[in-house]
Amino acid sequence: METLAGILTQYGPWGMFVSAFLAGSVLPFSSEVVMLALLEAGTDVQALVWSATAGNVLGGMLNYGIGRLGREEWIARYARVSPEKLERGKRWVRRYGAWAGLLAWVPLLGSLVTVALGYLRANPWLSLLAVAAGKFLRYLLLVRAFLSV
């Protein structure tokens, strides 16, 4: 049976979008595997960066929505974020505000930050902008690293 990453790779930029959405949400998934496979296959670089960014931002904003529900027991159950980890994310958001969303690309920390942004009711538009900027730069750097090899 093929892996999910292998299946998503068959769908080009749409598969990239789905894998990035999964990776951007609280689900444990690595969109980098799909991105590198699609780059190796010669898929259009711009289409990959934009579809990856869009999917990853949408996944992060799903986390924001879960956090905005404001019930810590739901966050623990559905977002699989322990109260201790949520507190860590809340500290980041209290310190940096919506700009903490720039760190949404960081594995593990990114999910905590996006859930905490919603939980603390950070400005949704500024959060969206910060999350999008961080995630776009992440994929852009990944592509540049691949192309320079």
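Our structure's up above, just so we're on the same page.
Just so we're clear, the structure is a prediction, and the values are computed from it rather than from any experiment. (Residues numbered from 1 in each chain as written. Predicted model: local features only at pLDDT ≥ 70, side-chain atom pairs only at ≥ 80, totals over all residues. Heavy atoms only, no water.)

*Asks:* Requested: an account of the environment of Val33, with residues and values cited.
*Replies:* In this structure, Val33 sits in helix α3 (residues 31-40). Linking Val33 and Ser19, residues 14 residues apart in sequence, is a C-alpha distance of 9.2 Å. (Helix = DSSP H or I, 4+ residues; strand = E, 2+ residues; numbered from the N terminus.)

*Asks:* Give me the lowdown on the pattern of salt bridges, citing residues and values where you can.
*Replies:* For the structure on display, the rule yields two salt bridges. Here Glu32 and Arg138 are joined by a salt bridge, their closest N and O atoms 2.0 Å apart. One end of the pair, Glu32, is in helix α3; the other, Arg138, is in helix α8 (residues 124-148), with 106 residues separating them in the sequence. Using a relative accessible area of 17% as the deciding quantity, one classes Arg138 as buried. Among the salt bridges present, the one from Glu87 reaches Lys90, with a minimum N-O distance of 2.7 Å. Of this pair, Glu87 and Lys90 both sit in helix α6 (residues 83-96), three residues apart, which is roughly one turn of the helix. Note on Glu87: relative accessible area 31%, which makes it partly exposed. (Salt bridge = Lys/Arg side-chain N within 4 Å of Asp/Glu carboxyl O. Buried < 20%, exposed > 50% of the residue type's maximum accessible area, 1.4 Å probe, protein only.)

*Asks:* I'd like a rundown of the environment of Ser111, residues and numbers included.
*Replies:* Secondary-structure assignment places Ser111 in helix α7 (residues 109-119). Measuring from C-alpha to C-alpha, the distance between Ser111 and Leu27 comes to 9.2 Å, with 84 residues separating the pair along the chain. Among residues more than four places away in sequence, those in contact with Ser111 are Ser25, Val26 and Asn63. (Contact = heavy atoms within 4.5 Å.)

*Asks:* Outline the packing of aromatic side chains, supporting the account with residue identities and numerical values.
*Replies:* How two aromatic rings sit relative to each other is set out by the distance from centre to centre and by the angle between their planes. Under the defined criterion, the tally for this structure stands at two aromatic pairs. Ring geometry for Trp14 against Phe17: centres 6.4 Å apart, planes inclined by 70°, an arrangement best described as edge-to-face. In this pair, Trp14 and Phe17 are both assigned in helix α2 (residues 12-24), three residues apart and thus about one turn of the helix distant. Its end group placed over the ring of Tyr139, Arg138 keeps NZ or CZ at 4.9 Å from the ring centre. (Phe/Tyr/Trp six-rings, centres within 6.5 Å; stacked < 30°, edge-to-face > 60°. Lys NZ or Arg CZ within 6 Å of the ring centre and 35° of its normal.)

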